[in-house]
Amino acid sequence: MKKYIAALLVLLFALSPISVFAADAFTLTLNAKEVRRGGTLALSGTVPEQSGGNVIVKIISPLETVLYVDVLPAVDGTYSAKVGIPANQDLAPLGSYTVVAGYGEENQTASFSIVSGSTPGNGSSPGSGSGGDSGTTPNPPEATNPDGTGIPPQAGEASGSTARPELAADGRYLVGRDTLATAAEQAQGGAVTIALPGEAAEAGTALELPATSVSELNKQNIGLVITTGSRTVSFPAGAFAISGDASSRIRIVLNAAWSTEAQETVNQSLKSVTDYKATGVVLSVIVQVITGDQVQEIHQLDRPAKVSIQLTPEQEQRISARLAGIYYVDGQSAKYVPGKLENGIYTFTAGHFSYYTILEYDKSFADLRGHWAEQAVKGLAAKHIVTGVDDRHYVPNRSITRAEFVTLIVRAVTVQQGAEGKETISEATKASPFKDVSSDRYYAQSVAQAAELGIVTGYNGAFRPNDSITREEAVVALVRAAEVMEAAASAQGGQVTSFTDASQISTWATQAVDRAFTQGWIEGDGRKFNPKNAVTRAEIAVMVERLL
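Described below are features of the structure shown in this document. (Residues numbered from 1 in each chain as written. Predicted model: local features only at pLDDT ≥ 70, side-chain atom pairs only at ≥ 80, totals over all residues. Heavy atoms only, no water.)

## Some points on the overall build of the protein chain
Under the convention used in this document: Starting at the N terminus, helices and strands are each numbered in turn, a helix being any DSSP run of H or I of at least four residues and a strand any DSSP run of E of at least two. Residue exposure (1.4 Å probe, protein chains only): buried if accessible area is under 20% of the type maximum, exposed if over 50%, otherwise partly exposed. We call two residues in contact whenever any of their non-hydrogen atoms come within 4.5 Å of each other. Only the protein chains shown count as cover for residues, with accessible areas throughout obtained via the Shrake-Rupley method and a probe of 1.4 Å.
From N to C terminus, the protein chain includes 12 helices and 25 strands. Across the 548 residues in the protein chain, those meeting the buried criterion constitute 48%. Long-range contacts, defined here as pairs at least 24 residues apart, represent 73% of the contacts in the protein chain between residues at least 6 apart. Accessible surface computed for the protein chain: about 25200 Å², of which carbon and sulfur atoms make up 48%.

The following block contains the structure:
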């Protein structure tokens with residue numbers, strides 16, 4: 001019934017009758033810019049004097065869902081309401097909320113932020129209930145002599161280059177400027193680590209630091225690492241520009257809970273695609289600069305951060321390493337982010353923040369069931385390196401053109417470099433060095449990038465993009481790509497190939513074939529290498545997956 005009432009109110013909001021009331025007489029005011037879960041937001045405003053009628057008010061969450069909607073009567077030219085903020089993080093996710101009031105044809109908007117913890121005096125205490133904070137006894141704010149940021153200079157405790165925050169009475173974790181300065185002295189140009197309790201990420205508890213301290217770390221080229229045990233975000237110096245205002249503070253929230261909010265975000269991102277499966281592993285990061293009652297969210301970083309997600313033993317067993325990957329989800333789509341899984345830890349780099357999650361992408365093709373290359377193709381498809389010729393067919397035995405091959409190998413290099421946290425291949429448009437590759441072709445950028453990296457050289461100024469690539473040509477390019485990736489253990493081949501047709505391998509390809517055989521990237525058919533044969537889509541998938 002409540003859902004139907006809410007829907008009716010939203011409809012009323014959209015279909016409110018047009019009025020001729022003066023716009024400047026209709027106002028909306030909030031009593032706070034920040035409200036904690038379990039607290040109360042008071043809203044009020046005026047309508048044209050002596051006018052009656054109703055004001056329709058709704059509050060929109062960061063996920064574009066309706067937190068609150070109601071019809072408020074205007075009495076003697078005023079209206080008001082008190083809105084209780086749910087204590088549950090699923091119902092009241094962190095972030096910026098928009099309040100919209102409608103009166104006739106006029107609308108007024110205002111915004112506020114919901115932060116973690118409970119409002120003091122409402123019967124809740126930090127560390128209890130759904131908050132999940134540690135049981136540390138908070139220091140009363142009046143006894144800690146806070147500075148202009150509201151953060152006591154000596155909040156927290158430094159041990160070497162690691163600072164452990166203090167839990168304040170209002171549910172925030174705080175690290176003061178003196179504590180950060182002490183840790184920075186021991187960082188020696190590396191990074192200051194702030195170690196939050198593991199449960200802080202499950203509760204989405206906010207960490208706050210003085211902006212001047214972060215600005216000082218940037219000046220000293222010292223990074224900032226925030227860790228909650230299973231989740232770590234490493235911000236390099238200069239990751240976000242800070243003005244250093246003495247009254248500003250930085251709020252950072254790491255949230256690893258597979259909450260209703262997280263599930264809805266992931267599900268909405270996958271609603272138009274198939275073959276994906278959620279794993280329940282997620283991380284959202286919120287970074288805000290707060291000055292007085294102004295809250296500025298930082299989404300785009302000036303320098304990318306390195307993120308690591310530690311899987312539990314149960315998650316390691318349940319999640320397929322071959323099919324799983326990191327994805328950025330925004331409620332509209334899921335975008336693959338190159339990452340690496342090693343010893344149960346996923347690492348990746350992030351240039352912007354919102355929700356990141358681990359998804360399994362199990363792409364099946366009707367013509368690959370039971371094929372010897374099926375698993376290799378699945379692995380590369382999960383890394384978004386290969387695709388089918390259509391949604392259901394891969395055509396494994398079809399030869400691959402030189403243009404198709406280079407596009408695939410450049411994707412592989414890009415994924416590998418991104419997974420290693422290195423600067424990936426530039427996406428800037430480059431002029432092709434080959435006379436037979438026009439700039440309007442889908443492969444032009446990949447060919448130009450491969451040429452710049454030395455993966456391909458062409459033939460007398462031509463690339464021959466539509467020719468099928470031979471096995472020896474593919475192996476030469478594969479070995480050159482390995483050098484870019486630094487994937488091989490040795491720069492020299494072992495001269496151990498024993499193919500019966502070794503004499504048919506071109507001189508310029510012999511060393512590369514030896515090296516690829518030594519590394520286990522190629523095997524031949526058991527006796528022959530068949531250097532002049534065209535490479536099939538199945539064969540190249542196996543070669544590239546072995547390389548990666």
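## Some words on the environment of Y442
Position of Y442 among the secondary structure elements: in the loop between α8 (402-419) and α9 (444-453). Y442 sits 39 residues away from A403 along the chain, and the two C-alpha atoms are 9.0 Å apart. If sequence neighbours within four positions are ignored, Y442 has contacts with A403, E404 and T407.

## Some thoughts on the sheet that holds strand β10 (residues 162-164)
Sheets are built from strands paired through backbone hydrogen bonds, the pairs being either parallel or antiparallel. The following threshold applies: Only strands that DSSP links by at least two bridges are regarded as paired with each other. Axes here mean lines fitted to C-alpha atoms, for a helix over just the part in contact, with angles spanning 0 to 180 degrees between N-to-C directions.
Pairing is mixed in the open sheet, where eight strands are placed in the order β9-β10-β13-β15-β16-β20-β24-β23. In the strand order of this sheet, the two ends are held by β9 (157-159) and β23 (339-342), each with one partner. Across the sheet, the mean angle from the axis of one strand to that of its neighbour is 20°, orientation sign disregarded. Pairing of β10 with strand β13 (residues 191-195) involves two bridges; the strand directions are parallel. Within β13, the residue paired with A163 across the bridge is I194.

## Points about the sheet that holds strand β3 (residues 40-46)
The sheet built from three strands is open, its strands ordered β1-β3-β6 with antiparallel pairing. Because the sheet does not close on itself, it has two edges, and the strands there are β1 (29-30) and β6 (78-84). The pairing of β3 with β6 spans seven bridges and is classified as antiparallel. Of the residues in β6, the one forming a bridge with T40 is G84.

## Here's the deal with the pattern of salt bridges
For clarity, the cut-off: By salt bridge we mean one thing: a side-chain nitrogen of Lys or Arg within 4 Å of a carboxyl oxygen of Asp or Glu.
Counted under the stated rule, the structure contains 21 salt bridges. The salt bridge involving R251 is made with E208; its shortest N-O contact spans 2.7 Å. Linking R251 in strand β17 (residues 248-255) with E208 in strand β14 (residues 206-210), this pair joins segments that are 43 residues apart in sequence. A salt bridge links R318 to E314; its shortest N-O distance comes to 2.9 Å.

## A word on the packing of aromatic side chains
Defined as follows: Two rings from Phe, Tyr or Trp (for Trp, the six-membered ring) form a pair when their centres sit within 6.5 Å of each other. Planes less than 30 degrees apart are called stacked, planes more than 60 degrees apart edge-to-face, and all others tilted. By definition here, charges over rings are those cases where NZ of Lys or CZ of Arg is within 6 Å of the ring centre and within 35 degrees of the ring normal.
Taken as a whole, this structure holds 16 aromatic pairs when the rule is applied. On the basis of an interplanar angle of 75° and a centroid distance of 6.0 Å, the ring pair of F235 and F353 is categorised as edge-to-face. Separated by 118 residues along the polypeptide, F235 in strand β16 (residues 231-235) and F353 in the loop between β24 (345-352) and β25 (355-361) bring together distant segments of the chain. The structure contains a cluster of three or more aromatic residues connected by ring pairs, namely F235, F240, Y328, F348, F353 and Y356. Here the guanidinium or amino end of R464 rests over the ring plane of Y459, the centre of that ring lying 4.1 Å away.

## Here we look at the packing of α8 against helix α10 (residues 471-485)
For clarity, the cut-off: The labels follow the angle: roughly parallel below 35 degrees, roughly antiparallel above 145, roughly perpendicular from 65 to 115, and oblique for the rest. Crossings are assigned a handedness: left-handed for a near helix turned anticlockwise from the far helix by less than a right angle, right-handed for a clockwise turn. Polar here means any residue other than Ala, Val, Leu, Ile, Met, Phe, Trp, Tyr, Cys and Pro, which are nonpolar, and Asp, Glu, Lys and Arg, which are charged; Gly is therefore polar.
It is the contact of α8 with α10, at a shortest axis distance of 10 Å, that shows an interaxial angle of 20°. Viewed along their axes, α8 and α10 adopt a mutual orientation that is roughly parallel. Crossing handedness for the pair α8 and α10: right-handed. Residues R402, F405, I409, A412, V413, Q416 and Q417 of α8 lie in contact with α10, whose contacting residues are E473, A474, A477, L478, A481, V484 and M485. Broken down by class, the residue content of the contact of α8 with α10 amounts to 10 nonpolar, two polar and two charged.

## Regarding unusual backbone geometry
The backbone phi angle of D275 is positive, close to 75°, even though this residue is not glycine. Inspection of the secondary structure puts D275 in the loop between α5 (260-269) and β18 (276-291). For N460, which is not glycine, the phi dihedral falls at a positive 50°. Note that N460 resides in the loop between α9 and α10. Overall, the relative accessible area of 77% leaves N460 in the exposed class.

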